[in-house]
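This is what each chain is made of:
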Amino acid sequence: MSSRSHHELLIVDGYNVLGATPRYEGLIDEHTDPEHFDTDPFVRAREALITDVAAFAQGRYDAVVVFDGAQNPDPTRNATHEAGIEIMFSRAGESADTVIERLVTEARVAGRPVSLVTSDNTIRATAGFGPGEVTRISSALLVHEIERVDREVETVRGELKPQKMTVEDRISPEMRAKLWKMLSH
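Bear in mind the structure is a predicted one, so any value in this text is a computation, not a measurement. (Residues numbered from 1 in each chain as written. Predicted model: local features only at pLDDT ≥ 70, side-chain atom pairs only at ≥ 80, totals over all residues. Heavy atoms only, no water.)

Digging into the pairing of strand 2 (residues 61–67)
Okay, so step 1: Across the seven residues of strand 2, six count as buried, placing the element largely inside the fold.
Okay, so step 2: Sheet analysis places strand 1 (residues 8–13) next to strand 2, joined by six bridges and oriented parallel. Opposite Glu8, over in strand 2, you have Tyr61 as the bridge partner. (Buried < 20%, exposed > 50% of the residue type's maximum accessible area, 1.4 Å probe, protein only. Helix = DSSP H or I, 4+ residues; strand = E, 2+ residues; numbered from the N terminus. Pairing = 2+ DSSP bridges.)

Some details on a nonpolar patch on the surface
Okay, so step 1: Nonpolar side chains collect at one region of the surface, where Met175, Leu179 and Met182 lie side by side and expose about 290 Å² of accessible area between them.
Okay, so step 2: Structurally, Leu179 can be placed in helix 7 (residues 173–184). (Patch = residues over 30% accessible without salt bridge, like charges linked within 9 Å, V, L, I, M, F, W, Y side chains within 5 Å. Areas by Shrake-Rupley, 256 points an atom, 1.4 Å probe, with all protein chains shown as cover. Salt bridge = Lys/Arg side-chain N within 4 Å of Asp/Glu carboxyl O.)

A look at the pattern of salt bridges
Okay, so step 1: Applying the stated criterion across every chain, the model contains nine salt bridges.
Okay, so step 2: The closest approach of N and O atoms between Arg23 and Asp52, which form a salt bridge, is 2.8 Å. Linking Arg23 in the loop between helix 1 (14–18) and helix 2 (43–57) with Asp52 in helix 2, this pair joins segments that are 29 residues apart in sequence.
Okay, so step 3: Judged by relative accessible area, Arg23 falls into the partly exposed class, the value being 25%.

Notes on helix 7
Okay, so step 1: Taking 1.5 Å as the rise per residue, helix 7 with twelve residues should run 16 Å; its terminal C-alpha atoms sit 16 Å apart, in good agreement.
Okay, so step 2: Among the twelve residues of helix 7, zero are classified as buried, and the element is accordingly described as predominantly exposed. (Expected span 1.5 Å × (residues − 1).)

Next comes the structure, spelled out in structure tokens:
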């Protein structure tokens, strides 16, 4: 996580958001075979959340999405970057709550503004103590904002009329006149 950025830090409690609203419900595969180590029921839901957070944060936040490593079939999973945001999994014996609290504390000590997305009341309470401001955003509110942006994008797309442009439409009138003159000879 880059502490040199001038953007506010957005920390997202990943599994809390996934469980907060029906948006990701259908993407969790509840029929996976638990005996297969490589079967992860949350893959599609996590990917959708990461995409949504990246779009939401773009240009405004440096985002970190934290997932509890205990809910993943691969306990050795390391932090990665996807779609311009950092993805973190808590390590064995460590909860996502602990990771989130540490990230919030580090940012606040550094004087960096922080927004925390979770509906977990314990994290909301403990991450708010000490110097520096922490803006708390409920998981449902984040999803509501993501869905609002989705609707706005769809409205704009619906208003745009596809245009079929020929080469003639793309060049200046002067150039078009010269070309027609050359073709007529």
